[in-house]
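# Breakdown of the fold
So you can see what is in the structure, the chains are spelled out below.
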Amino acid sequence: MSTNDSATSGPMLGTTVDDVRRQNLSQVLRIAHQLGPVSRAELTRATGLNRSTIGGLVQDLHERGLVGEGDVARTKKVGRPSPRIFVTDDTVAVAVNPEVDAIDVAIVGLSGRVLHRVRYRNERIPSPAEFVNIVSALIAGMIPHAQGARVLGVGVALPGLVRATDGFVLFAPHLGWDNTAVTSLLSDATGLNVVALNDANCGAIAEAIYGSARGSGLVVYLNSGASGIGSGIVLDGRLVTGEGGHAGEFGHTLVNSHGRECRCGSRGCLETEVRRDLFLEAAGVADVTSDDMPALLAAAWGDASHPAHAELQKQVDYLGVAVRTIVNALNPRLIVLGGYLAHVLAVVGEETVKARVGGTLPGGLDDVSLVATELGDELLLIGAAERVFSPLLDDPTLVPAREPAAV
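As the structure is a prediction and not an experimental result, all values here were calculated from the model. Residues take numbers from 1 onward in each chain, read along the sequence in its written order. Note on the predicted model: pLDDT of at least 70 is required for a residue's local features to be given, and 80 or more for side-chain atom pairs to be given and counted; whole-chain, interface and lining totals, by contrast, use all residues. Side-chain numbers here rest on the full set of heavy atoms in the structure, without hydrogens or water.

## Observations regarding the overall build of the protein
Only DSSP runs of H or I covering at least 4 residues are called helices, and only runs of E covering at least 2 are called strands; the numbering of each starts at the N terminus. Across its full length, the protein carries 13 helices and 17 strands. Taking 407 residues into account, the globule formula puts the C-alpha radius of gyration at 22 Å, and the protein, at 22 Å, falls close to it. For the protein, the spread of C-alpha atoms along the principal axes amounts to about 75 × 50 × 40 Å. Burial classes: relative accessible area under 20% of the type maximum marks a residue as buried, over 50% as exposed, and values in between as partly exposed (1.4 Å probe, protein chains only). Across the 407 residues of the protein, 53% fall into the buried class. Our radius of gyration is a C-alpha quantity, and the globule rule it is checked against amounts to 2.2 Å times the number of residues to the power 0.38.

## Looking at the pattern of salt bridges
The term salt bridge refers to a side-chain nitrogen of Lys or Arg lying within 4 Å of a carboxyl oxygen of Asp or Glu. Taken as a whole and assessed by the stated rule, the structure comprises 20 salt bridges. With its nearest N and O atoms 3.2 Å apart, the salt bridge here joins Arg21 to Asp60. In this pair, Arg21 is assigned in helix 1 (residues 17–35) and Asp60 in helix 3 (residues 51–63), connecting sequence segments 39 residues apart. With a relative accessible area of 10%, Asp60 lands in the buried category. The salt bridge involving Arg119 is made with Asp104; its shortest N-O contact spans 2.5 Å. Of this pair, Arg119 sits in strand 7 (residues 114–121) while Asp104 sits in strand 6 (residues 102–109), and the two are 15 residues apart along the sequence. Among the residues examined, Arg119 registers a relative accessible area of 41% and is labelled partly exposed. With relative accessibility at 6%, the residue Asp104 sits in the buried group. Salt bridges sharing partners connect three or more residues here, namely Asp101, Asp104, Arg117, Arg119 and Asp377.

## Thoughts on the pairing of strand 4 (residues 84–87)
When DSSP finds at least two bridges between two strands, those strands are taken to pair. With two bridges connecting them, strand 2 (residues 38–39) and strand 4 associate as antiparallel partners. For Ser39, the partnering residue across the bridge sits in strand 4 and is Arg84. Bridging between strand 3 (residues 67–70) and strand 4 involves four bridges; their strand directions are antiparallel. Opposite Gly68, over in strand 4, you have Phe86 as the bridge partner.

## What to know about the side chain of Glu271
Summarising the element assignment, Glu271 is placed in helix 7 (residues 270–273). Charge counting treats Lys and Arg as positive and Asp and Glu as negative, with His and both chain ends excluded. Within the buried core, Glu271 has no salt-bridge partner, and the shortest N-O distance to an opposite charge, that of Arg263, equals 6.9 Å.

## With respect to the side chain of Thr183
Within the fold, Thr183 resides in helix 5 (residues 182–190). The class of Thr183 is buried, set by a relative accessible area of 7%. Any pair of N or O atoms that falls within 3.5 Å is considered a polar contact. Within protein, one atom must be able to donate a hydrogen and the other to accept it, and sequence-neighbouring residues count only if both atoms are side-chain atoms. At 3.4 Å, the side chain of Thr183 and the backbone oxygen of Asp166 are in polar contact. Only heavy atoms enter the contact rule, under which two residues are in contact if any of them lie within 4.5 Å. Excluding anything up to four places from it in sequence, Thr183 contacts Asp166, Gly167, Val194, Val195 and Ala196.

## Focus on the sheet that holds strand 2
Pairing is antiparallel in the open sheet, where three strands are placed in the order 2-4-3. Both edges of this open sheet fall to strand 2 and strand 3, since each of them pairs with a single strand only. Against the sheet, helix 1 engages strand 2, strand 3 and strand 4, with an angle of about 85° to strand 4. Helix axes are fitted only over the stretch in contact, all axes being lines through C-alpha atoms; the angle between N-to-C directions runs from 0 to 180 degrees.

## Describing unusual backbone geometry
Unlike most non-glycine residues, Asn179 shows phi in positive territory, near 45°. The residue Asn179 is located in strand 11 (residues 177–180) in this model. Look at Asn179 and you get exposed, because its relative accessible area is 56%. In the Ramachandran plot, Asn331 falls in the positive-phi region, its phi being about 50° despite a non-glycine side chain.

## Re the sheet that holds strand 7
Reading across the sheet, the five strands line up as 7-6-5-8-12 and stay open at both edges, with mixed pairing between neighbours. Single-partner strands in this sheet number two, and they are strand 7 and strand 12 (194–198). The sheet shows a mean angle of 20° between the axes of neighbouring strands, direction not considered. Looking at chain direction, strand 6 and strand 7 are connected through seven bridges and run antiparallel. Directly across from Val108, in strand 7, lies its bridge partner Val114.

## Quick look at the state of the cysteines
Here is the idea: a disulfide is a covalent bond, and it sits between the sulfur atoms of two cysteines. Defined by distance alone, a disulfide is two cysteine sulfur atoms within 2.5 Å. For the structure on display, the rule yields zero disulfides. As a non-bridged cysteine, Cys262 has Cys264 as the owner of its nearest cysteine sulfur, 3.6 Å distant. For Cys262, a relative accessible area of 5% puts it in the buried group.

## Details of the packing of aromatic side chains
Each Phe, Tyr or Trp ring, with Trp reduced to its six-membered ring, pairs with another whose centre is within 6.5 Å; inter-plane angles below 30 degrees give stacked pairs, above 60 give edge-to-face pairs, and intermediate values give tilted ones. Using the criterion set out here, one finds two aromatic pairs in the structure. Ring plane angle 40° and centroid distance 6.5 Å describe the contact between Phe279 and Tyr340, whose orientation is recorded as tilted. Here Phe279 is found in helix 8 (residues 276–283), whereas its partner Tyr340 is found in helix 11 (residues 340–348), with 61 residues between them in sequence. Judged on exposure class, the residue Phe279 and its partner Tyr340 are both buried.

Shown next, in the form of structure tokens:
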């Protein structure tokens, strides 16, 4: 299986002095980017480089406006306390997530923090041209919020099949977009570099760096949103994409051979059978906020007379079928659930879902944990921005050093 650069991947080993320096700069920047403020001593231990070399690398990154230093660490160790090196937000990315009901646009700093965010409610599902017009206008209005920061580009988290090589949208059934060069259209409209990735892959990247999927191992991410269920696979911090970028489409796992027709052309896929709107319809509720969903799910789960009790029971059964397929196919360390699925997990519990699995290979279910996302509804935007930052993290010299201030 193929992978592409993502969470903890880095540049190839260099062969010249300049190559080695770029590699070392990348290593230091990635550690600060992924772990948060770190001391020079911690960088020395993590990289194996000596203090003098670390000092020069930190100074180089500082001159490029990529890191700062301060916030003296308080430890119980003997010796002089060490200042912390942190990634600055002088470099930012614009992140975009189109859904059938709304378009989210955010400015995300290199630190991984969402600095500013707006949500545009769709009156109807936008065409690619309408999407470009809306997002271009939103970006123009948001750039002042970057406060003079360097804008590296735009990352788009798309609910559909996105070609890994150039971000070309092959198939986004819920948006009704097919064979569309959205990245080129948006780049032409904004004058910014634009990259795109499947939205679930963006979520997987974000969780691998900052959330519940941190650490080595095989992790599968499942997210249920307005456009169905997307999924991504992370192996030792690297996104597994497959040959064309479409690996891990577990939203189209068969869970009910007599189920509803799916837009993919099949029937009874996970995303057609485990859906927020089906639960709300059974509950007789038009809509609820994300904050109110857990209480409604809990009421339905705990009361057999509740109108949505049977529907929720059925959905948990189907989720168990999907987990069985994932466990038998990949034997992951974690299955991370987001969106509506995270709410379901929180209410019914991990052991209940596991009890509905059945049919796994011996020991397979013992090795996996089901957990909810840690990043909430910002993770797709954070993951989309990470895609923009990836070339810079590989080679920090892409950003020139600042001119020294005039005396």
